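Next come the chains, spelled out residue by residue.
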Amino acid sequence: MYLHQELVAGPEKTTEEGLNDVQEIFKTEKAFPERRLRGVLEELSTSCIRFVTLANKDQHQAGRTKLDKERLKSCMREMESIGQQAKLIRFQVKRNTVRDKLKIVQNFLHRLRFLADEPQHSIPDVFIWMMSNNKRIAYARIPSKDVLFSIVDEETGKDCGKVKAVFLRLPGKKGFGPAGWTVQAKMEMYLWLGLNKQKKDFLSGLPNGFEEIKAPRTASCLQSLPPISLVYNMKQVFQLRAHMYQARSLFAADSSGLSDPFARVFFSTHSQVTEVLSETLCPTWDQLLVFDDVELFGEAGELRDDPPMIVVEVYDQDTVGKAEFIGRTFAKPITKMCDEHYGPPRFPPQLEYYQIYRGNSTAGDLLAAFELLQIGQGGRAELPSLDGHTDSDRGPILPVPMGIRPILSRYRIEVLFWGLRDLKRVNLAQVDRPRVDIECAGKGVQSALIQSYKKNPNFSTLVKWFEVDLPENELLHPPLNIRVVDCRAFGRYTLVGSHAVTSLRRFIYSPPDKMQQNWASSGSQSVQDAFPVLIFSITMTDDIVLLVSNEEKKKKKKKKKGELEEEDETDESMFDWWSKYFASIETLMEVYNKELEAEFDNFEDWLHTFNLYRGKAGDDDEAALDDDRIVGRFKGSMCMYKLPLSEEITREAGFDPNLGMFQSIPHNDPINVLVRVYIVRATDLHPADINGKADPYIVIKLGKSELKDKENYISKQLNPVFGKAFDIQATFPMESMLTVSVYDWDLVGTDDLIGETKVDLENRYYSKHRATCGIASNYSVHGYNVWRDPLKPSQILAKLCKEAKLDGPLYGPGGRVKVANCIFTGPTEIEDENGMKRQTDEHLALTVLKHWEEIPRVGCKLIPEHVETRPLLHPEKPGIEQGRVEMWVDMFPMDMPAPGPAIDISPRKPKRYELRVVIWNTDEVILEDDDYFTGEKSSDIFVRGWLKGQQEDKQDTDVHYHSLTGEGNFNWRFVFPFDYLMAEEKIVISKKESMFSWDETEYKIPARLTLQVWDADHFSADDFLGAIELDLNRFPRGAKTAKQCSIGMVQNEADLPCISIFKQKRVKGWWPFVARDENDEMELTGKVEAELHLMSAEEAEKSPVGLGRNEPDPLEKPNRPDTSLMWFVNPLKSICYFLWHNYRWLILKALGLLLLLLLVGLFLYSFPGYLVKKMLGA
């Protein structure tokens, strides 16, 4: 089975290489990644077909166990499936779907890896030990499948018959963790494992040019043995040039959060090191390492195609002790033979990125190039000259030569220094006078010194710049290092934390598109095509109509002729904020199922947040996270552009050279803000009590202010509805991190934290997306949808136009407004509280605000009225979500007009209702009992009813005894009081879970009425006959007569017109009882005539009724037949009824026959006398 395992390993390897190529294309933003992915899928499909073909030939070979045969069949099925799917997906790969298809191919790769793993190893692995003084000091383990030989090339192990580098590691427990990552020794080995009959091929993979030295053959050893040694007569001499340019994002090996890195390069039996660069995670060595006279054995062609591997290890230099291992990477050099020309396209080699690995995790990237140059007969003089003279400042170190070194251009980097946040203590002392140092490619700039971090953590000077030479290729740009130091007594500077910006691409300035500017200034005609005329009728009447669901509209269309249905007039007072939340989420407000930051790119449209790190990075084995190393945050931004800058940009009106590209940014002076936090509800909270529930309440923290809502905790709920608004006054930037926590209330002991979420209010406040207060979809001056921003839409629009230096807004006749040559239309009338209409421009301004992202050059999407969903996390359980909270935040500057009162989002209180159900009659109820004396079928019928969730309050009618036809007469009233939420269509029940519960638990369940029919028994349990469950919001109208009532009213309920008791209020009719038979099919078991009457609590109090047939408003007693009594009460009457009911026709026939016989007898008796009288003439 090892042979077939290698057949699977082939497609696995090629697929993995292809996927790496596709990901590299994405990373470097090259064109046509879909073409490479199609090639990968085609190659995978071909490999799968080849596997199935070869496996079919070997399927019936002898010597295979059952496991081998079944596994082979499984592999064939799986490979055939993968091949067919790959062939199908290949034709579906398009430019817009390439990322989705890439995930599918990665799934194929996981399946191939699973198949390549042999479940039962039949050949032991190969172990190589390095001994010293009879002690095992290092070893390597080589899977036997990798060196197994086969006459079929596809089935041969990947390392069989090849010279490979083997790295020895420490044995036992020493080999685990960081200590075991260091290589103890590197060996180049040739391994071959095969059958004895195939031993003639064991040297076929060795490089040519060797001579075998065999041991002398003895009489005891007649078989040919492998040679004891090989002597190579053919060797090649090379020079290796390792161009070590730079590394980025290295592992932090020191407690300062930085490293002192150097690189060691291993090739063949040679090794060299670069210089040590102090305190950096992104070293730029810019160093050429030359390995002279490297002897390699074998033919020149083989060495050109498959040169030995280069190993590069990066270490951290420590002043005391050995250097600490950071990571390792492998590379293959580009080989040039002496007869080849040193020139394009292969030479000089281009710098490439190599991933550095530390154990199983990544530890950075190395930017380098490696070339292996053969030394011919003329010696080193024939090699390309090292035209880079040594740098006098760096001693005998050779820099990377021109041609390989990137082409540099002059760039200016402007840095926006905004402020520092949440700085932690350094060496037990608080940070008081911090400064930020920016460095890139040896150049940099320093921020102004913050004189008192406690009083104002923002910088006094906002923008500074420096010029630096950077590669023209953006992918080769060096990282930008941000370091924060604290200025302490006696001129000491202590490192607080650092951050490395590995990619500067997002900070590169791109000038506005001229085509876009022309389009923006081309007049209203082209804009009309791009911006369709939008006409909105935003009045309160339309808002209310929006709340009518489509389902109700469809029902009204299905009304039959002559059938009158009551329609409640829409009352504005019925609607509140929850009406928008439940009924019109899609039309009136946005409900995001994620954080608002995830939807709007963390609000980093111009102000970015950089986490500062300090401390040694943790390894996977230690389960340490980078979050533990965060010691603060730097807020600012960068802008990078090539010099010289176009004069068109600096010629703009109001261009301030001190601010550079950061024009029109607000000042960073402290500002007082009213923060209003709305907490809607929480979902899927983690249980905090032993009963699997929690008693959650909200805690709001902002700076030193803390608001606890402990008194209003919600008992035993994992999905609580809070509906709370909290107002806090804060001063930015000192108090800008909002923490919303959910705690579990405990009767005894301290309350437990369930989870918390943190919101950076400062980035929201200054964002161009205007996250201070969401833009409502409609403008209203009264009602549930009232405008809540202190600024009207026209004022907001005027402010935006002024900040963006746009013309407008210009309001024209006919409901038109012009902004930056874009024309929008909309209504111009608004209705006040008295129903009077007046002219206004607010609707027009709101239309522009809702389409602000379509304004050329300056447009961006403005935050709509919304609810965001944020995950709750626990500091002691990082990365594990403890629930989610739905909320939103409004911010109002204190120097602006005061906002109105907070919107009332308190949970709706359920309304008290009373449902009166009158059971009049039943019919065609199945007969369950057999009479003891006569065998007659009968049932003692009664009806039971309850509302769902109130089973303990079920009510029963009296018993209709001895029903012989299934008919029952009751005239019995059920009364069910309940609390109901109209918006959610749920019944609210509050009850204690047990006698030991402290509070009542609230449940919300659907409003459903259950009616059951039973057969009463005296000496055994009652027999269930049938039931019907009516959804009080949607249930079929009852039949007018018992004959019209059928089982179809239950089976075809979706197709029948339905009514709601909350709208109809009163309904009477016949409904079927159903039950499941032995075949689990629905069958009709009876019919019930009932009347449902719904009343509010106030109405019920005015007209009370009694249960059953009791006062007040008693029902008449039912007119039941006498046989409903028991046999022993009136046995003679019951026997008479039984005989007459069952044998009445027989009795009538017998009486008729008896009367006929009597008449015949009388005739025969009187006939002789009458005949004699006639004969005698008497």
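Reading the values: the criteria
- Residues numbered from 1 in each chain as written.
- Predicted model: local features only at pLDDT ≥ 70, side-chain atom pairs only at ≥ 80, totals over all residues.
- Heavy atoms only, no water.
- Helix = DSSP H or I, 4+ residues; strand = E, 2+ residues; numbered from the N terminus.
- Buried < 20%, exposed > 50% of the residue type's maximum accessible area, 1.4 Å probe, protein only.
- Contact = heavy atoms within 4.5 Å.
- Areas by Shrake-Rupley, 256 points an atom, 1.4 Å probe, with all protein chains shown as cover.
- UniProt positions renumbered as here; feature names shortened; annotations may be inferred.
- Core = buried A, V, L, I, M, F, W, Y, C linked by side-chain atoms within 4.5 Å.
- Arc of directions from axis to C-beta.
- Salt bridge = Lys/Arg side-chain N within 4 Å of Asp/Glu carboxyl O.

An unreviewed UniProt entry annotates the chain as C2 domain-containing protein originating from Esox lucius.

A. Expanded view of the overall build of the chain. Of the regular secondary structure elements, the chain holds 20 helices and 51 strands. Burial analysis of the chain (1178 residues in total) assigns 46% to the buried set. Of all intrachain contacts in the chain linking residues separated by at least 6 positions in sequence, the fraction that spans at least 24 positions is 68%. Element-wise, carbon and sulfur atoms account for 52% of the exposed surface of the chain, whose accessible area totals about 62,800 Å².

B. Looking closely at the UniProt feature "transmembrane region" (unreviewed entry) in the chain. Here, UniProt's "transmembrane region" (unreviewed entry) annotation points to residues 1146-1167. For residues 1146-1167, helix accounts for 100% and strand for 0%, while the C-alpha atoms at its two ends are 31 Å apart.

C. Spotlight on the nonpolar core. Val675, Val677, Ile679, Ile700, Leu738 and Leu761 are the most contacted members of the largest nonpolar core, which totals 42 residues. Residue contributions to this core peak at 6 residues, all from strand S25 (residues 671-683). Residues in contact with Leu738, not counting those within four places in the same chain, are Val677, Ile700, Lys701, Leu702, Thr757, Lys758, Val759, Leu761 and Val889. Among the nonpolar cores identified, the runner-up in size contains 41 residues, and Phe974, Leu1009, Ile1059 and Leu1092 belong to it.

D. Geometry of unusual backbone geometry. A cis amide bond links Phe347 to the next residue, Pro348, at an omega of -10 degrees. Relative to the helices and strands, Pro348 resides in the loop between strand S13 (334-336) and strand S14 (352-358). Cis geometry is found at the peptide bond from Phe732 to Pro733, where omega equals 10 degrees. A positive phi angle, near 55 degrees, is found at Asn427, a position not held by glycine. Topologically, Asn427 is positioned in the loop between strand S16 (408-421) and strand S17 (434-440).

E. Fine view of helix H15 (residues 793-803). Three or more residues of H15 are buried, namely Pro793, Ser794, Ile796, Leu797, Leu800 and Cys801. Considered in projection along H15, the buried side chains sweep an arc of 160 degrees and stay on one side of the axis. At its buried positions, H15 is contacted by strand S31 (810-812), strand S32 (816-819) and helix H16 (842-850). Residue Lys805 follows H15 closely and has a positive phi angle near 60 degrees.

F. Region of the structure containing the pattern of salt bridges. Within the structure shown, the criterion is met by 58 salt bridges. Linking Lys186 and Glu188 is a salt bridge whose minimum nitrogen-to-oxygen distance equals 3.7 Å. Lys186 sits in the partly exposed class, given a relative accessible area of 25%. Here Glu868 ties to Arg870 by a salt bridge, and the two come within 3.1 Å at their closest N and O atoms. Of the two residues examined, Glu868 and Arg870, each falls in the buried class. Connected through salt bridges with shared partners, the residues Arg421, Asp422, Arg633, Lys635, Asp760 and Glu762 form a single ionic network.

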